[in-house]
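Take a look at the letters that make up each chain.
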Amino acid sequence: MTQMGQGTQSLKYKTVIMSDQIKFIVDNLNKEPFRKSYNLITFDSLEPMQLLQVLNDVLAEIDPKQVVDIREEMPEQTAKRMLSLLGILKYKPPGNATDMSTFRQGLVIGSKPVIYPVLHWLLQRTNELKKRAYLARFLIKLEVPNEFLQDETVADTNKQYEELMEAFKTLHKECEQLKTSGFSTAEIRRDISAMEEEKDQLIKRVERLKKRVETVQNHQRMLKIARQLRVEKEREEFLAQQKQEQKNQLFHAVQRLQRVQNQLKSMRHAAADAKPESLMKRLEEEIKFNSYMVTEKFPKEIENKKKELHFLQKVVSEPAMGHSDLLELESKINEINTQINQLIEKKMLRNEPIEGKLSLYRQQASIISRKKEAKAEELQETKEKLASLEREVSVKTNQAREFDGTEVLKGDEFKRYVSKLRSKSTVFKKKHQIIAEFKAEFGLLQRTEELLKQRLENIQHQLQTIEEKKGISGYSYTQEELERVSALKSEVDEMKGRTLDDMSEMVRKLNSLVSEKKSALAPVIKELRQLRQKCQELTQECDEKKSQYDSCAAGLESNRSKLEQEVRGLREECLQEESKYHYTNCMIKNLEVQLHRAVDEMKAYVSSDQQEKRKAIREQYTKNIAEQENLGKKLREKQKAVRESHGPNMKQVKMWRDFEQLMECKKQCFLKQQNQTSIGQVIQEGGEDRLIL
């Protein structure tokens, strides 16, 4: 009874899960981009072919290559195509290897228990599966047999194929990072438009400068000289940068040499002070520690990691568990715990004295081993911390040295540095006080300047009024403008003279520089001519080798394409034969089941035993037919009796309803009569009522 109850509970649970799956599938199929008009009843009543078409439409939404009409495709090809795509999408059917064959068979015939979980899984993660299908087109590696890789051309092509695959991975990662980085296209477009405007402005400015320069004599020659000057300045900057880099490298090398020398001195000092006994003792301790780590600690950790990995792999390989499976596991765990507790109690009841002493020693040994492991771990952690701190100290010292080019101060040097800082801080305070006094004086002078400007404005206003009265308005302003213009003219003339002298000096320097560079470049040009001749010879030889390589590569490519076509054809034939084999096996199993049922039916029908005959399907159907015929006969007789008595019964019902209304009316009249005051006498005679006032 308990087993039957558990079976009914599991069946109800599976039914609830299946109904939830169907509801989720119908809701998602009615949305974009499928836009189906299903409800639970119409979807559950779909034929196997229609259900396969719905599954194919969902797969086509994930991978556009799957857009196919199921009616125009062979069932084997459909199953093969869907299984390959589900394998790429990493769908794991529930169950083991035998369930896998059932899954393939159900996919071929369009079984609902097989297709519903697939649709539920696909519609739950459509966007993720779209991305996975897109990446699978480029990242599924084509396996090339080793005998083909012996050919250099095929090996080079395969290597190039792998490099392109890696390049695609990096580009895809960069693309995803850019999508999630928050850059907006509107900002980029604005930046591009602003840069284009700046470019147009620069082009216009260059054109204006060209027009202005064209009026100058020998402008082409001067432009050429300026261009050469710019090139030489750039070369000078490049050489200065190289010089600075070499100086930095030299500085780092010197610092490294000093560090190494200091380490050598410290090691020599330690070796001079140390004794052989102490060194041997230290080495023995290190050897013991390292041997303990290698022989005891690391193997245990590796074994624990292997067990953990094996357990995780086992968990991953198992199918997903439901609520009932978890409850069953919890019950098993509780049973095992109770058994363990019982065994412990039995052992404690025995309590043999020899085993008690051994258990005490075992406990002490386990405690010591745990302490030893803990101390080893602490020592390892402290060593790692010490190494990290030393690395951090070296990094900080290098950063400080690169920042100001000095070593980190220690001991007496740091004290002297602090005393210098104190003296400088006193000087700084004095200077700061002087600056504050200057700022206060500057404020006063600024205020006096404002007052003088106001007085100047008042005086100018008075002067203008006097000029207007005398009839010579604007005289002072005109005189000031003339003085200012004459001063500007003198400054411009002086600047023109200076610019002409500077330009002539610059031209002279440029000519001297050009002549020096020519003399310096003469041997380089000779070497360049020889190298050019060698380059021409090598290019001719390279072209010849390239033509030979191209002809050889074309021949090998044609052979490779033929072999690929043959391999593709053979693989397709193999897959077709395999699908036919699976389909034939499925049909044979179905026929065997039907044949087994037919044989059992014949045995039961031919058997002389009445119990066996009763188990036969024919006898059961005959018995059911006889029962149904008797039931139909009884129902027909009942129907006939109901039809015959329908008219009188309806009349009787009507009469009873009228009688009920009459009695209700009398009841109402009686109640009214009791409620009213007597205003006369009622006499009943001959079935009539009379009222006498």
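Rules of the game
- Residues numbered from 1 in each chain as written.
- Predicted model: local features only at pLDDT ≥ 70, side-chain atom pairs only at ≥ 80, totals over all residues.
- Heavy atoms only, no water.
- Helix = DSSP H or I, 4+ residues; strand = E, 2+ residues; numbered from the N terminus.
- Buried < 20%, exposed > 50% of the residue type's maximum accessible area, 1.4 Å probe, protein only.
- Contact = heavy atoms within 4.5 Å.
- Areas by Shrake-Rupley, 256 points an atom, 1.4 Å probe, with all protein chains shown as cover.
- Patch = residues over 30% accessible without salt bridge, like charges linked within 9 Å, V, L, I, M, F, W, Y side chains within 5 Å.
- Salt bridge = Lys/Arg side-chain N within 4 Å of Asp/Glu carboxyl O.
- Lys, Arg positive; Asp, Glu negative; His and termini not counted.
- Charge placed at Lys NZ, Arg CZ, Asp CG, Glu CD.
- pLDDT = per-residue confidence, 0-100.
- Expected span 1.5 Å × (residues − 1).
- Phe/Tyr/Trp six-rings, centres within 6.5 Å; stacked < 30°, edge-to-face > 60°.
- Axes fitted to C-alpha atoms, helices over the stretch in contact; angles between N-to-C directions.
- Parallel < 35°, antiparallel > 145°, perpendicular 65-115°, else oblique.
- Left-handed = near helix turned anticlockwise from the far one by under 90°.
- Nonpolar A, V, L, I, M, F, W, Y, C, P; charged D, E, K, R; others polar.

Asker: Sorry, what's going on with the overall build of the chain here?
Answerer: Summing up its helical and strand segments, the chain has 19 helices and two strands in all. Going through the 693 residues of the chain one by one, you find that 11% of them count as buried. The contacts in the chain between residues at least 6 apart in sequence include a share of 57% that link residues at least 24 apart. Put simply, the chain shows about 59,800 Å² of open surface, and 57% of that area lies on carbon and sulfur atoms.

Asker: Got a minute to help me understand a positive patch on the surface in this structure?
Answerer: Taken together, the side chains of Lys 204, Arg 205, Arg 208 and Arg 212 make up a positively charged region of the molecular surface. As for its position among the elements, Arg 205 is in helix α10 (residues 185-214).

Asker: Just to check I follow, could you spell out the confidence of the model for the chain for this structure?
Answerer: Keep in mind that low pLDDT regions are not for reading the predicted coordinates in detail. A residue-level look at the chain finds 85% of positions with pLDDT of 70 or above and a mean pLDDT of 79. Of all helices and strands in the chain, the one with the weakest mean pLDDT is strand β1 (residues 681-685) (58), whereas helix α19 (residues 646-675) scores best (89). In the predicted structure, residues 1-13 sits below a pLDDT of 50 and forms two contacts with residues beyond four places in sequence or in another chain.

Asker: Just checking my understanding: could you explain helix α4 (residues 75-88) for this structure?
Answerer: Because each turn of an α-helix spans 3.6 residues, side chains separated by three or four positions in sequence point in the same direction. Look at α4: 20 Å from first C-alpha to last across 14 residues, which is about the 20 Å you get at 1.5 Å a residue. Along α4, the positions that sit buried rather than exposed are Glu 76, Thr 78, Ala 79, Arg 81, Met 82, Leu 85 and Leu 86. Among the residues trailing α4, Lys 90 stands out with phi positive, at a value near 65°.

Asker: It is not clear to me how the packing of aromatic side chains should be interpreted in this structure. Could you clarify?
Answerer: Between two aromatic rings, the relevant description is the distance of the centres plus the angle of the planes. Enumeration according to the criterion identifies five aromatic pairs in this entry. An angle of 55° between the planes, with centres 5.7 Å apart, marks the rings of Tyr 38 and Phe 43 as tilted. Ring geometry for Phe 43 and Tyr 116: centres 5.5 Å apart, planes at 25°, overall stacked. Within this pair, whereas Phe 43 is found in helix α2 (residues 40-44), its partner Tyr 116 is found in helix α6 (residues 112-124), the two being separated by 73 residues in sequence. The exposure class assigned to Phe 43 is buried, which follows from its relative accessible area of 0%. On the basis of relative accessibility, which here comes to 2%, the residue Tyr 116 falls in the buried class. Taken together, the ring pairs connect Tyr 38, Phe 43 and Tyr 116 into an aromatic cluster.

Asker: What is the right way to look at the packing of helix α3 (residues 48-62) against α6 in this model?
Answerer: When two helices pack together, you describe them by how their axes are tilted relative to each other and by the distance separating the axes. Between α3 and α6, the shortest axis-to-axis distance is 11 Å and the interhelical angle comes to 25°. Between α3 and α6, the interaxial angle falls into the category roughly parallel. Crossing of α3 against α6: the hand is left-handed. Facing Leu 51, Leu 52, Val 54, Leu 55, Val 58, Leu 59 and Ile 62 of α3, the residues of α6 in contact are Lys 112, Ile 115, Tyr 116, Val 118, Leu 119, Leu 122 and Leu 123. Here the contact of α3 with α6 is composed, by residue class, of 13 nonpolar, no polar and one charged.

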